[in-house]
Every structure is written in C-alpha cells, then in structure tokens.
Amino acid sequence: MAPLPETHPASPPVLDTELARKDASDSEPRSEESEPEEDEELDPWDLPELRDTGVKWSDLDTKGKVLRVLKSIVKFILLLGLLYMFVCSLDILSSAFQLVGGKVAGDIFQENAVLSNPVAGLVIGVLVTVLVQSSSTSSSIVVSMVSSGLLEVKSAVPIIMGANIGTSVTNTIVAVMQAGDRNEFRRAFAGATVHDFFNWLSVLVLLPLEVASGYLYRLTKLIIDSFNIQTGADAPDLLKVITEPLTKNIIELDSSVIRDIATGDPAAQNKSLIKIWCKTEKITNLVNITVPGIENCTTGALCWEEDGQIWTQENQTETNNLEKCTHMFVYANLPDLAVGLILLALSLLALCTCLILIVKLLNSMLKGQVAVVIKKVLNTDFPFPFSWVTGYLAMLVGAGMTFIVQSSSVFTSAITPLVGIGVISIERAYPLTLGSNIGTTTTAILAALASPGDTLANSLQIALCHFFFNISGILLWYPIPFQRIPIRLAKALGNRTAKYRWFAALYLILIFLLFPLSVLGLSIAGWQVLVGVGVPVVILAIFVIVVNIMQKHCPRFLPSLLRSWDFLPKPLHSFKPWDKVVTTSMTFCRTRCCCKCCKDKEKDEERDDMKPKDKSLEMYDNPALTIEDEAKVTATHL
C-alpha cells in the first residue's frame, strides 16, 4: 500500500491542468475558424435534404388525412399572407428611404457639372437608388431631367448603370436577416450578391467601352431613328393594385417633389414629400395682370393702359384641394425625416419578422415528396443536348415575374430566402436574377412609350440603354460556363461572410455607401484629383488580384517573397485579428449588460457542478490515465 500516497497526488494535478485548460478554451470566444470539421468535409453548397419526419400519408387514418390537408391549406394561406406583408414592407421601406434621403437625392442630381463625369454619374446613380430604394424612381428623375434639357442622353447612361447597381441593395439587406443559421446565411448571401457582382463586373467592362465608343448611345439612337415609334400605354401596375389597400393607409408620397428639386424648381425645396391632399382639381381662369410694358403683353390677348399701368390678360391655373388623404401621418405635424425614421424602423422590423416566419413556414411545408418535386422542377436541367436551354428558360421566368410585379427588388428579395433554405441553387438563382434585370427594363420601356410626343425619343432611348446594358452584361457573364464569374465570386463572398458574419454589414456599408461617397467627393474636387487618387488604387487592386490568382495556380512564377502574403502585417491579409476585435467587443458588451448578481449566480452554479467532479476524481476512475497506468494502479492496489 506504500505506492498509493505517491500515485494519488500525482494524478489530480494533471487533471486540474487539463480541466483548467478545457474551461479556458470553453470560456474563450469561439473563432469562426474553430468550426466542426464536417463543414470542410461536406460541400456547404450542396442543397440540403428536406426530410419528412412526420407520419407517412399511407399510415394515417381518414381523420388524420383530413387534418393534414386542412393544415396544409392553412399553411399555404398563411404563406400568401406573409408574402403579401413582405412585399408591403418592402414598399414602405422604399417610402421611408425616400423620406429620409429623397431631397438629398434631388440635390445630388442638381450638380450638372459633376454629372458630366461618367464615373461621378455612375456613383450618383448608385447613391440615389440606395437613398430612394427604387431604381424606377431614380430612372424617372433621369428621364425628367433629359426631357427638360438639363441632362444629355450621353451623360444619363452612366447614371442608369449606377441605378442598376443600387437596386440590388434590397435583396442584400434581406439576406443579412438570415444570419441565424450559418449555412442558410452562406447560401442566401451568395444568392443575393451574385446580382451585385454581375452589375459591378458589367460596369467595369461596359462603362469604359461606352466612354470610349458610345456604343450604347449609338445603338439606341439607331433604333430610335429607324422605327416610327408611337406613344403607347402605361406599364401595367399590378403590384400597386394589390399592395395599395394597405400601404396607402400607412403613407402616401408625392414623388414629383424629388423630380422638381432635381430639375431646379426652388419652390420644391420647401415642400413635403408626404401627400396631404389626395383629391384635387385644377381650374384655369383668364385673369387681368399688370406688365412692365406693352411688349410684355400676352400674345393674342387684350392689352390696355389704365391709371398709368399696362394691363393684359393671362390664363392662370389654380389647384383646389378637395379631399385629404387617409394615411396615418396626414395629421401628424412631423418633419419628413422623423416620419422616415419611424417608417424605416417599423418596415425593417416587419421585413425581418415576415422573413423569419416565411423561412420557418417553408421549412415545415417543403418536406418529403413535395420538396423532391419542387427541387427537381426548379434545379434540374433539360436532358442533353438541350441542357443549355434551361438557364435561358429561367431568364424568361425571371423577366416575366418581374414584369408582373413591376419590381426587380421584390422578385430578387423573394427568391433570396428560397436560396437560403436550399430550395433553389445559386446556379439557378443566377439566371433568374439576370431575367429580373431584363424584366425591369421592359417595364421602363413601356413607361417611356407613355411619354408625351416631344420627350418620347429621349425617354425611350434611355430605357433602351438600360435594356441593352443588361443584355450586353448577360452576353459577357453567362453563355459559356467559364464566363459565369459572378457565381464563383458570390460563393467566395458567401464563404467569407459565413465565417465572419460581421463582414456582411461591412460589405453593405462599404460597397453601397462609403465607396460611392468617396468617388463622388473626389469627382467634386476635380477630375485631376479623381485620376490622381483613383489610378494608383486601381493599379494596386489589379496587382493584388493577379498575385492572388498566381499564388493559387502557378506560384513558381512568382518571387519567393510574393508566394504568400505573410511578409505583411497580419491585419492586412487576414480577418482573424479583426474577428478577435469584433468578437471581444461583442463579448464585452454582453458582460457589461449582465448584472453582478447574475454573474455570482453563474459562479455558484459552476462551483456546484465542479464539486461532484472533484469527488469522483479517484485513481480508479481517472479518465486521464492510459491503459498501462490503469494496469499499474490495479496491480498496486491488489
């Protein structure tokens, strides 16, 4: 029995050390890189199987079958209701952004000298569309400016390109709201940002080409001159018919105020975007007015002198207010900014709630055979040799759906959660998004056809520039599989944001706000400043991209120093240090918010949990001992 005192105290220190190390590792904020290894073994882009965990249909009795059918009907009706609320919240979100930044957007468009710079025009299109959350609104402002002669068609083309980029911010915001589940967030964010990458890559190629050759302007000018185009009807407004019964009771806006500000009307600066009078009538009367001289008299009207003053007659139009609007802010004496912030908070809350409920409802509905059928219909290609037709058919579906709802933002935001839960693959979402881009331009073409005869040519030419810009982008980035670079870039970004979820918010702020504002500031300073700062940045970016590609595929052609970025400080080539800062900050905020009594209670619970463990740490049950050690201890005991 002599060895017992030596063996017993020797073991616990090892255990204490290991337990302390284990507790320390558990208490540390887990880095995104310490994820389970099955994520590396399994392809995260494989669509998950939505298995049916309930009782099979054949095993149900008559009552069970009736109940299941009723439940399915109720779920379907609830899903339609949630989709309706989702679309309405997107509409209210757009109105909120217009209230917050609409007048700023109009003021931005007044800088005619800046708009002549194509790069500045591009970022102004991005900023204005992000501010008003509607590419149709920003496009209508551009059309109004061209029609009034304040802007040339050539200068308007880069702004339309920027509007095409800015409209993709809505579905990216929707994707951020699915950050709860890592793999859902990976797929949803990639499905949303594939739209961003398509637009940015198309601009990087087509904007310099347009500046150098004016090919979009020349092509659309040729089409306008070749056909005797007559004024058409207004574009269908099916979505407004469905959503207006709810949204008009919340807020109604007068978007013409933004257009008036952009076209330089000084009276519009003091007008509110909130519509107060919904029913008005205009009355034109012939009134007597005084003029400085006879030469100022109205042509064809009476002109006379009376009491030393020259009088003439002129038609004046007066607007009589007949009926006030019925929305909830009609009697609120609040500024536009306050109403916009209130609606912004409420719409984001409604959007997030609807999205969460839609995802949960779809997960409960899309199981078993239903999921198999839907996934096969949406993601299966036609048999060889017609497999290439599938993507173009998806484009037609996307264009048709966008034409029906009259909003690419609504359509792409609706398919984003479906990509997240794995019903639609990103390879199928890509052509659907491209079709949505085409659909929103056809709506603009029909709207342009409804313009008056004197502005029809310019309005239609801008709409056609938008159309052919998207067609050219599709020819660049879709027909051959290796051309589909936006899919690969979106997957890489999806992996990055799934690992570091805070990067999604940074991406939104950087791409849609800070970068356009920086370029706009440099443009206002002058094209010399823009070139002096922009060219070195572009050269550095191209160098980094080329080196990254060579590091991956042919590192032997690089100098030994450039075969990795390890020679740089770690924060310049890795997100790990930044992730630690963000995680530590969040942990600090959580611990600061906890009360001291809660901490004491947790410590007491930890002590209570440790007590039975300490009692059980006898040499016979020691988990740290190897088999050989256990054999030795048993022999000593005997």
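Worth saying up front: this structure is predicted, and the values here are computed from it rather than measured. (Residues numbered from 1 in each chain as written. Predicted model: local features only at pLDDT ≥ 70, side-chain atom pairs only at ≥ 80, totals over all residues. Heavy atoms only, no water.)

Let's talk about the overall build of the protein chain
Filter applied, for reference: Put simply, DSSP H or I for four residues or longer makes a helix, DSSP E for two residues or longer makes a strand, and each gets a number counted from the N terminus. A simple rule labels every residue: compare its accessible area, found with a 1.4 Å probe on the protein chains alone, to the largest value its type can have, and call it buried under 20%, exposed over 50%, or partly exposed in between. Residue contacts follow a heavy-atom distance rule, with two residues in contact if any of their heavy atoms lie within 4.5 Å.
When its secondary structure is counted, the protein chain shows 24 helices and 3 strands. Every one of the 638 residues in the protein chain was classed for burial, and the buried ones make up 38%. Pairs at least 24 residues apart make up 76% of the contacts formed inside the protein chain by residues separated by at least 6 positions.

A look at the pairing of strand β2 (residues 303-306)
Inclusion rule: Following DSSP output, two strands are said to pair if at least two bridges run between them.
Pairing between β2 and strand β3 (residues 309-324): 4 bridges, direction antiparallel. Bridge pairing in β3 links Glu-306 to Gln-309. Linkage of β2 to β3, two consecutive antiparallel strands, is achieved through a turn of 2 residues, within which Asp-307 is found at a positive phi near 55 degrees.

Digging into the packing of aromatic side chains
Put simply, the test is: Note on aromatic pairs: the rings of Phe, Tyr and Trp (six-membered ring only in Trp) are paired at centre separations within 6.5 Å, and the planes decide the class, stacked below 30 degrees, edge-to-face beyond 60, tilted for the rest.
Scanning all chains against the criterion turns up 14 aromatic pairs. Summarising the aromatic geometry, the rings of Tyr-392 and Tyr-478 are spaced 5.5 Å apart at their centres and angled 90 degrees between planes, so their arrangement reads as edge-to-face. Residue Tyr-392 is found in helix α15 (residues 389-405), and its partner Tyr-478 is found in the loop between α18 (456-477) and α19 (485-499); the two are separated by 86 residues along the sequence. On the basis of relative accessibility, which here comes to 4%, the residue Tyr-478 falls in the buried class. An aromatic cluster is defined as three or more aromatic residues linked by ring pairs; in this entry it consists of Phe-185, Phe-189, Tyr-507 and Phe-512.

Description of helix α16 (residues 408-421)
We count it as follows: An expected span of 1.5 Å times one less than the residue number is assigned to each helix.
Between its terminal C-alpha atoms α16 stretches 21 Å, which fits the 20 Å expected from 14 residues at 1.5 Å a residue. The element α16 is extensively covered by neighbouring structure, given that 12 of its 14 residues are classed as buried. All of the buried residues along α16 are Ser-408, Ser-409, Val-410, Phe-411, Thr-412, Ser-413, Ile-415, Thr-416, Pro-417, Val-419, Gly-420 and Ile-421.

Considering the sheet that holds β2
As a reminder of what qualifies: To get an axis, fit a line to the C-alpha atoms, keeping to the stretch in contact for a helix; angles then go from 0 to 180 degrees between the N-to-C directions.
One open sheet accounts for 3 strands, arranged β1-β3-β2; its pairing is antiparallel. Edge positions in the open sheet fall to β1 (277-291) and β2, since each of these has one partner strand only. The sheet shows a mean angle of 45 degrees between the axes of neighbouring strands, taken without regard to direction.

Comments concerning the nonpolar core
Stated formally: Grouping buried Ala, Val, Leu, Ile, Met, Phe, Trp, Tyr and Cys residues that are joined through side-chain atoms within 4.5 Å yields what is termed a nonpolar core.
Counting 113 residues, the largest nonpolar core has Met-161 and Ile-251 as the members making the most contacts within it. With 13 residues, the single largest contributor to this core is helix α9 (residues 182-213). Discounting chain neighbours no more than four positions away, the residues touching Ile-251 are Ile-92, Ser-95, Leu-99, Ile-274, His-327, Phe-329, Val-339 and Leu-343.

Notes on the side chain of Thr-247
Summarising the element assignment, Thr-247 is placed in helix α11 (residues 238-247). Among the residues examined, Thr-247 registers a relative accessible area of 5% and is labelled buried. In contact with Thr-247, not counting residues within four places along its chain, are Cys-88, Asp-91 and Ile-92.

Looking at the packing of helix α10 (residues 215-226) against α18
Basically, it comes down to this: Orientation labels follow simple angle bins: below 35 degrees gives roughly parallel, above 145 gives roughly antiparallel, 65 to 115 gives roughly perpendicular, and whatever is left gives oblique. Crossing chirality is assigned from the near helix's rotation relative to the far helix, an anticlockwise turn below a right angle marking it left-handed and a clockwise turn marking it right-handed.
Where α10 contacts α18, the two axes come as close as 9 Å, and the packing angle between them is 125 degrees. Here α10 is positioned oblique relative to α18, judged by the angle of their axes. Considering how the two elements wind past one another, α10 and α18 form a crossing that is right-handed. Contact residues: Tyr-215, Leu-216, Tyr-217, Leu-219, Thr-220, Lys-221, Ile-223 and Ile-224 in α10; Ala-457, Leu-460, Gln-461, Leu-464, Cys-465, Phe-468, Phe-469 and Ser-472 in α18.

So, the state of the cysteines
Rules: Criterion for a disulfide: a pair of cysteine sulfur atoms at a distance within 2.5 Å.
Evaluation of the coordinates by the stated rule reveals 0 disulfides. Free cysteine Cys-88: the closest other cysteine sulfur is in Cys-354, separated by 9.0 Å. Of the residues examined, Cys-88 reaches a relative accessible area of 3% and is grouped as buried.

With respect to the pairing of β3
Pairing of β1 with β3 involves 14 bridges; the strand directions are antiparallel. Bridge pairing links Asn-285 to Gln-316 in β3.

Thoughts on the confidence of the model for the protein chain
Reading predicted coordinates in detail is not appropriate for stretches of low pLDDT. For clarity, the threshold we go by: pLDDT expresses how confident the predictor is about each individual residue, on a scale running from 0 to 100.
Across the protein chain, the average pLDDT comes to 75, with 75% of residues at 70 or higher. Across residues 231-235, where pLDDT falls below 50, the model places 13 contacts with residues more than four positions away in sequence or in other chains. Note that residues 611-638 has pLDDT below 50 and, in this model, 17 contacts with residues that lie over four places away or in other chains.

Some remarks on the environment of Val-157
Structurally, the position occupied by Val-157 is in helix α7 (residues 153-166). Along the chain, Val-157 and Pro-118 lie 39 residues apart, while their C-alpha atoms are 8.3 Å from each other. Apart from the residues lying within four places of it in its own chain, the contact partners of Val-157 are Glu-210, Leu-216 and Cys-465.

Section: a nonpolar patch on the surface
Heads up, the condition is: Exposure above 30% relative accessible area and no salt bridge define the residues that can form patches, which grow by joining like charges within 9 Å and nonpolar side chains of Val, Leu, Ile, Met, Phe, Trp and Tyr within 5 Å. In this description, accessible areas are obtained by the Shrake-Rupley approach with a 1.4 Å probe, and a residue is regarded as covered only by the protein chains that are shown. Just to be clear on terms, a salt bridge is a Lys or Arg side-chain nitrogen sitting within 4 Å of an Asp or Glu carboxyl oxygen.
On the surface, Val-66, Leu-67, Val-69, Leu-70, Ile-73, Phe-76, Ile-77, Leu-80 and Leu-83 cluster together to form a nonpolar patch covering roughly 780 Å² of accessible area. With respect to the secondary-structure elements, Leu-67 resides in helix α3 (residues 62-109). Residue Leu-67 is classed as partly exposed on the basis of its relative accessible area of 43%.

Quick word on the environment of Val-194
Within the secondary structure layout, Val-194 lies in helix α9. Val-194 sits 22 residues away from Thr-172 along the chain, and the two C-alpha atoms are 9.7 Å apart. When sequence neighbours within four positions are dropped, the list of residues in contact with Val-194 reads Tyr-430, Pro-486, Ile-487 and Ala-490.

So, helix α5 (residues 118-132)
Which entries qualify depends on this criterion: Side-chain atoms alone can form a polar contact between residues adjacent in sequence; in general such a contact is a pair of N or O atoms within 3.5 Å, and within protein one must be able to donate a hydrogen while the other accepts it.
The end-to-end C-alpha distance of α5 is 21 Å, a good match for the 21 Å that 15 residues give at a rise of 1.5 Å each. In terms of burial, α5 is a largely internal element, 12 of the 15 residues being buried. Among all positions in α5, only Ala-120, Gly-121, Leu-122, Val-123, Ile-124, Gly-125, Val-126, Leu-127, Val-128, Thr-129, Val-130 and Val-132 are buried. The N-capping residue of α5, defined by a side-chain oxygen 3.1 Å from the backbone nitrogen of Val-119, is Asn-117.

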